Amino acid sequence: MLARLWYGNSLWRWGLAPFALLFALISGVRRLGYRRGWFRAYRATLPVVVVGNLSVGGNGKTPVVVWLVEQLQAQGWRPGVVSRGYGGKAPHYPYRLDESSTPAEAGDEPVLIARRCGCPVAVAPRRADAVRLLEQSGEVDIIVTDDGLQHYALARDIELVVVDGARRFGNGCLLPMGPLREPTTRLKRVDAIICNGGEPARGEYAMRLVPDTLRRVCDDAPLTAPFSGPVDALAGIGHPPRFFATLTALGYELVQSVGYGDHQAFDAAELLARFGQRPLLMTEKDAVKCRPFAPDNWWYLPVSAELPDALGKALLRTLGPQPGGDKHQAP
């Protein structure tokens, strides 16, 4: 319903205009309050890089976070990642992930990042609390936040915005009339705009997601021989059709293509009953939730963000050679 309102030409969206105006007023005052110093933002002792977006839904932030962490690690930095931990309920906050942490505790994306990057990851509804935890650990010298562009209670040094290159900004309206959390004029204040697929606009960095070898959900074993028949697919991400289109482009014949809500907690009995005989393909984010009960014929497709070298070099120049540089501007 909302997708049709936000990304189609439905006139019904105008019925939500008063609510969008109220949202614009509240969010605008809040943003101005942090910018003018009326509200106090936490300033970390370490550089903070925010990876976020303007619109709701899956735009590809998590692959960018993984790419950024790997870029920093390659240059000798010791990054830590913080997240709200959406979809999880930790035993306490802030919560530092370990090898036994589950998506039910920390959220699916933090678990994925911790597994892929091997770096410290902490979650908390108030991201500043997670930042303090990693600062006090002494294990990191830079903080990367997965989402949080609109979380102005945490000051930041660099802002990266990820844009869905196919859907862009929908009808260009603010919530709930459209998909935007902030107006597109906000892009003038960010350090870089990353276009995930589609045709990048002027000044945007082009990004594409590069699929890797399928891996078995239950034990991460790589697929050694290609499938010879039809398969099923599921995706519990912000925009499932993108994943299904990727599988089709790779040559897979999809019988069932079932989309679930982003961050949705899966019911093991429902999935096992729905997906029986054929191999089941899913995203890596789905796999971290299905791993405890997945049979041998369930597989996930890892993807990596491919971005221009120029972006990585520009970010490193902005950070400077030493951790804790002096680029501390209010959001």
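Residues numbered from 1 in each chain as written. Predicted model: local features only at pLDDT ≥ 70, side-chain atom pairs only at ≥ 80, totals over all residues. Heavy atoms only, no water.

Let me state the cut-off plainly: UniProt positions are given in the numbering used here, feature names are shortened, and annotations may be inferred rather than shown by experiment.
Per an unreviewed UniProt entry, the protein chain carries the name Tetraacyldisaccharide 4'-kinase and comes from Aeromonas caviae. Within the UniProt record for the protein chain, the comment given under Function (unreviewed entry) is "Transfers the gamma-phosphate of ATP to the 4'-position of a tetraacyldisaccharide 1-phosphate intermediate (termed DS-1-P) to form tetraacyldisaccharide 1,4'-bis-phosphate (lipid IVA)." In its Pathway (unreviewed entry) section, UniProt records this for the protein chain: "Glycolipid biosynthesis; lipid IV(A) biosynthesis; lipid IV(A) from (3R)-3-hydroxytetradecanoyl-[acyl-carrier-protein] and UDP-N-acetyl-alpha-D-glucosamine: step 6/6."

**Some details on helix α5 (residues 108-117)**
Here is the rule: Each residue is assigned to one of three classes by its accessible area relative to the maximum for its type, calculated with a 1.4 Å probe on protein chains only: buried under 20%, partly exposed between the two thresholds, exposed over 50%. Counting from the N terminus, the helices are the DSSP runs of H or I reaching at least four residues and the strands are the DSSP runs of E reaching at least two. Whether two residues are in contact is decided by their heavy atoms, any of which lying within 4.5 Å being enough.
By the criterion of burial, α5 is predominantly enclosed, with 7 of the 10 residues buried. Every buried residue of α5 is accounted for by Asp108, Glu109, Pro110, Val111, Leu112, Ile113 and Cys117. Against the buried residues of α5 lie α3 (61-74), β2 (79-83), α4 (103-106), β4 (121-123), β5 (142-146) and α9 (284-290). Once α5 ends, the next one or two residues include Gly118, with phi positive near 65°.

**What about the pairing of strand β8 (residues 205-211)?**
Selection criterion: Whether two strands pair depends on DSSP finding at least two bridges between them.
One ladder, built from 3 bridges, connects strand β7 (residues 192-196) with β8; its direction is parallel. Bridging across to β8, Ile194 finds its partner in Tyr205. As paired strands, β8 and strand β14 (residues 303-306) are joined by 4 bridges and run antiparallel to one another. Across the sheet, residue Arg208 finds its bridge partner in β14, namely Glu306.

**A few points about the confidence of the model for the protein chain**
Selection criterion: pLDDT: the predictor's confidence for each residue, scored from 0 to 100.
When pLDDT is averaged along the protein chain, the result is 92; 96% of the residues meet or exceed 70. With pLDDT under 50 throughout, residues 324-331 is counted as low confidence; its partners more than four residues away or in other chains account for 16 contacts.

**Brief notes about the UniProt feature "transmembrane region" (unreviewed entry) in the protein chain**
Look at the UniProt record and you will see "transmembrane region" (unreviewed entry) annotated at residues 12-33. Helix and strand shares over residues 12-33 are 77% and 0% respectively, and the end C-alpha atoms of the span are 33 Å apart.

**Here's the deal with the nonpolar core**
Our working definition: Remark: nonpolar core denotes a set of buried residues (Ala, Val, Leu, Ile, Met, Phe, Trp, Tyr, Cys) joined through side-chain atoms within 4.5 Å.
Counting residues in hydrophobic clusters, the biggest one holds 36 residues, and the most contacted among them are Val51, Leu68, Val81, Val144 and Leu160. Top element by residues in this core is α3. It accounts for 7 residues. When near neighbours in sequence (up to four residues on either side) are disregarded, Val81 contacts Val65, Val69, Ile113, Cys119, Pro120, Val121, Ala122, Leu134, Val144 and Asp146. Membership of the second largest hydrophobic core comes to 25 residues, among which are Val48, Ala130, Leu134 and Leu154.

**Things to note about the UniProt feature "binding site: ATP" (unreviewed entry) in the protein chain**
This is how the line gets drawn: Both site types are read off a 1 Å grid over the protein atoms alone. A 1.4 Å probe that fits but cannot get out defines a cavity, while an open set with protein on both sides within 12 Å along at least five of seven lines defines a pocket; lining residues have an atom within 4 Å of a point.
Mapped onto this numbering, the UniProt entry gives "binding site: ATP" (unreviewed entry) at Ser55, Val56, Gly57, Gly58, Asn59, Gly60, Lys61 and Thr62. Residues from the annotated list that form part of the lining of the largest pocket: Gly57, Gly58, Asn59, Gly60, Lys61 and Thr62. The topology assignment puts Val56 in the loop between β1 (48-52) and α3. Apart from the residues within four sequence positions on either side, Val56 is in contact with Trp6, Tyr7, Leu175, Pro179 and Arg181. Along the chain, the position of Thr62 falls in helix α3. Judged by relative accessible area, Thr62 falls into the buried class, the value being 11%.

**What to know about the layout of surface pockets**
It is a probe the size of a water molecule, rolled over the atoms, that shows where empty space is left. Spelled out, the test is: Grid points are joined across faces, edges and corners, and a volume is the space filled by probe spheres set on the points. In the scheme used here, Gly and all other residues not listed as nonpolar or charged are polar, with Ala, Val, Leu, Ile, Met, Phe, Trp, Tyr, Cys and Pro taken as nonpolar and Asp, Glu, Lys and Arg as charged.
Volume-wise, the largest pocket comes out at about 990 Å³. The wall of the largest pocket is formed by 44 residues, among which Gly58, Gly60, Glu109, Ile237 and Lys285 lie closest to the centre. Among the elements of the structure, α3, α5, β8, α7 (240-249), α9 and β14 are those that each provide at least two residues to the lining of the largest pocket. Residues that form the lining of the largest pocket fall into these classes: 13 nonpolar, 17 polar and 14 charged. In this model, the second largest pocket occupies a volume close to 370 Å³. Counting residues per element, the ones that place at least two in the lining of the second largest pocket are α5 and α9. Take the lining of the second largest pocket: its biggest share by element is 3 residues, from α5.

**Side note on the packing of α3 against helix α10 (residues 309-319)**
Just so we agree on the cut-off: Fitting a line to C-alpha atoms yields each axis, with helices limited to the stretch in contact; the angle taken between N-to-C directions then spans 0 to 180 degrees. Should the near helix be turned anticlockwise from the far one by less than a right angle, the crossing is termed left-handed; should it be turned clockwise, right-handed.
Look at α3 against α10: their axes get within 11 Å of each other, and the N-to-C directions meet at 60°. Considering how the two elements wind past one another, α3 and α10 form a crossing that is right-handed. Contact residues: Trp67, Leu68, Gln71 and Leu72 in α3; Leu311, Gly312, Leu315, Leu316 and Leu319 in α10.

**Here's the deal with empty space enclosed by the protein**
Taken as a whole, this structure holds 1 cavity of 30 Å³ or more when the rule is applied. The space that makes up the largest cavity amounts to roughly 40 Å³. The wall of the largest cavity is formed by Trp67, Leu68, Gln71, Leu72, Gly312, Leu315, Leu316 and Leu319. If you list the elements that add at least two residues to the lining of the largest cavity, you get α3 and α10. Grouping the constituent residues of the lining of the largest cavity by class yields 6 nonpolar, 2 polar and no charged.

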